[in-house]
There are 2 protein chains.
Amino acid sequence: MKQAITAKDVAKLAGVSQSSVSRVFFDGAKVSEKTRAKIMAAAEQLGYRPNEFARSLITNRTRIIGMVMKGVQNPFYPQVLKQFATAFKEEGYSILYVHTNNDEIEAEDVETLLNYNVAGVIITDAAMASTVEKQFEVNKIPVVFFNRKLNTDEFYSVCCNNVDAGRKIAEFLINKGATDMAYITGDEKTSTSRERQRGFQEILDQRKIAYRQFASDYTYNGGYQTAMQIIGKESLPAAFFVANDIMALGVLDALKNSGIKIPEDTKVIGFDNIDMASWPAYQLTTWEQPIEKMVETTVAYLLNEIAEYTGLAEVVEVDGSLIERFTT
Amino acid sequence: MKQAITAKDVAKLAGVSQSSVSRVFFDGAKVSEKTRAKIMAAAEQLGYRPNEFARSLITNRTRIIGMVMKGVQNPFYPQVLKQFATAFKEEGYSILYVHTNNDEIEAEDVETLLNYNVAGVIITDAAMASTVEKQFEVNKIPVVFFNRKLNTDEFYSVCCNNVDAGRKIAEFLINKGATDMAYITGDEKTSTSRERQRGFQEILDQRKIAYRQFASDYTYNGGYQTAMQIIGKESLPAAFFVANDIMALGVLDALKNSGIKIPEDTKVIGFDNIDMASWPAYQLTTWEQPIEKMVETTVAYLLNEIAEYTGLAEVVEVDGSLIERFTT
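Worth saying up front: this structure is predicted, and the values here are computed from it rather than measured. (Residues numbered from 1 in each chain as written. Chains lettered and ligands numbered in written order. Predicted model: local features only at pLDDT ≥ 70, side-chain atom pairs only at ≥ 80, totals over all residues. Heavy atoms only, no water.)

Undergrad: Looking at this model, I keep getting lost on the overall build of chain A. Mind explaining?
TA: Along chain A, the regular secondary structure elements total twelve helices and twelve strands. Relative to the globule expectation of 20 Å for 328 residues, the C-alpha radius of gyration of chain A, 26 Å, shows a markedly less compact shape. Along the three orthogonal principal directions, the C-alpha set of chain A runs to about 85 × 35 × 30 Å. Buried positions account for 57% of the 328 residues belonging to chain A. Nonlocal contacts in chain A, meaning residues at least 24 apart in sequence, comprise 71% of its contacts between residues at least 6 apart. Accessible surface for chain A amounts to roughly 13,500 Å². Of this, 46% is attributable to carbon and sulfur atoms. With 35 positive and 43 negative side-chain charges, chain A shows a spacing of 6 Å between the two charge centroids. (Helix = DSSP H or I, 4+ residues; strand = E, 2+ residues; numbered from the N terminus. Rg over C-alpha atoms; globule rule 2.2 N^0.38 Å. Buried < 20%, exposed > 50% of the residue type's maximum accessible area, 1.4 Å probe, protein only. Contact = heavy atoms within 4.5 Å. Areas by Shrake-Rupley, 256 points an atom, 1.4 Å probe, with all protein chains shown as cover. Lys, Arg positive; Asp, Glu negative; His and termini not counted. Charge placed at Lys NZ, Arg CZ, Asp CG, Glu CD.)

Undergrad: I'm lost on the packing of aromatic side chains in this one. Help?
TA: Each pair of aromatic rings is reported with the distance of its centres and the angle of its planes. Residue and element names in this part refer to chain A. Scanning all chains against the criterion turns up 29 aromatic pairs over all chains. A ring pair is formed by tyrosine 183 and phenylalanine 200, whose centres lie 6.2 Å apart and whose planes are at 40°; its orientation type is tilted. One end of the pair, tyrosine 183, is in strand E6 (residues 180-184); the other, phenylalanine 200, is in helix H9 (residues 191-206), and 17 residues separate them in sequence. Accessibility classification places tyrosine 183 together with phenylalanine 200 in one group, the buried group. (Phe/Tyr/Trp six-rings, centres within 6.5 Å; stacked < 30°, edge-to-face > 60°.)

Undergrad: Looking at this structure, how should I read helix H6 (residues 107-115) of chain A?
TA: Along an α-helix, residues three or four positions apart point the same way, because every turn accommodates 3.6 residues. Within the sequence span of H6 of chain A, burial applies to Asp109, Val110, Thr112, Leu113, Leu114 and Asn115 of chain A. Asparagine 117 of chain A sits one or two positions beyond H6 of chain A and adopts a positive phi of about 50°.

Okay, here's the thing in structure tokens:
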């Protein structure tokens, strides 16, 4: 076990009180020049490094943002992680990365976040029980749901305007001449999948265009398998709206493997605009999520709440945009 | 700013010394039953939660592992991050995720790791100056280079046996009848790219088989551009060994886009066995990195060094294996 140098050691060598050492390193409160000089000399001699933990005990806050994530297999999330890490680094904050294996945040993950007294929490692709939310609220720790919208007004969440995107995608495919359409869902427990579907179906219903829906799971393999089942059993729809890109790539591969030509025989549109969507093998038409704007909004909210906690709950929806490539 | 409840508050309410509170919550050292009861009642009443920071000041250690990463665009690394987060969670450790934008760890990243008094550090795709290494050594913080081997014996590093893999890949392609071959490098500053090349070239030299080398950068776009340049200017080699999978997918797409048939006109083999390598659009033959074994080795080393610091420096190479698919 390490024997780290503490403020106590510095105080002893300098012949001053421990609170004087604290004042010099953490508070910025006044100490006499003579005391300060003695403390700095002792700190120098001992190699004393005041750490964040010590700082947090005195200031009662940390510079750690907890980031809860599940699906790193979907390239959208590593991209999000990178952008948050970069943005928070500029503000002097670090990321505590919490990988959760379940749809819902596990009790031990919450324990970890509370134990480290994080300054804020970002939850991407996981759900959280209301009782859990209370624990953060009591501790005045702001929480943001990123790319998720919950069925309650208790949370602050930042996402793309998914209903509107679904509508625009329907209109786009109608303009391309598609006469019957299929929606391949993501995980149906998620707001993203449900809202994209809602906007999409709303327009098709208005325009009396045939609509089918197939359940899938937001993964490449899920998209591939779902498309293979449709090809085997159903008539081919004129166009597919697939709830995210990684799944749309699976759908494309299944269609191509079955000798179906895109965009001649059917059309495919995804959601996210991950890097791979632009690869020559795919050239997927998709809906771009405005990640930068979404990250910016989240960071601004958390920094405000850290400065002065208000517990503000709100849903912020940011507009994305259609990226047309060769699958439509 | 939050007013968290501290051990001092508990001590005051319970009418005992602060060190008694510390003993109850952190040390496990003896206090009388009567004192313990008073402290627990006060803690309960105040909602006191002893946090990791307080714990760390008393035990002089934390349960945070710093993880330094650059290339999250390469799906190999999110996979590695997930496995480390899962393995360390089981041991009660959390991951501080540090995204670095440079090839070399930046001074502020090192500051962060030292400020949080991390228990250990894992560095994946970044380099570190010797002077920086000293800072960790002085603080008895064990460091592991994961998937990197440095030109010094000062570090502990865990990687795949890259030289041997390069040799086996050469033999495999020779057995497939390839008579002249090209190696597309990753970032040439990395040991992984250089060692894969060394083993590969060694066998080709022995067997007097023509060898060419093209510099690239471990990214999809790099692989795509490098292949396009070769197609435009050079005769097509009988086989490509591409230093990682994500770049090999770029090479495959460039070849296919140019009407070149795989594996008839030329063959391609990658390295890593990322999920995408098995997708029907690619079906890439590759060398599987034994991630699980590599993660296990790294975790075991760090836990040992955390329990008792020895500063052991060693290179651990784990054997991978060839995964044959349809590009060879």
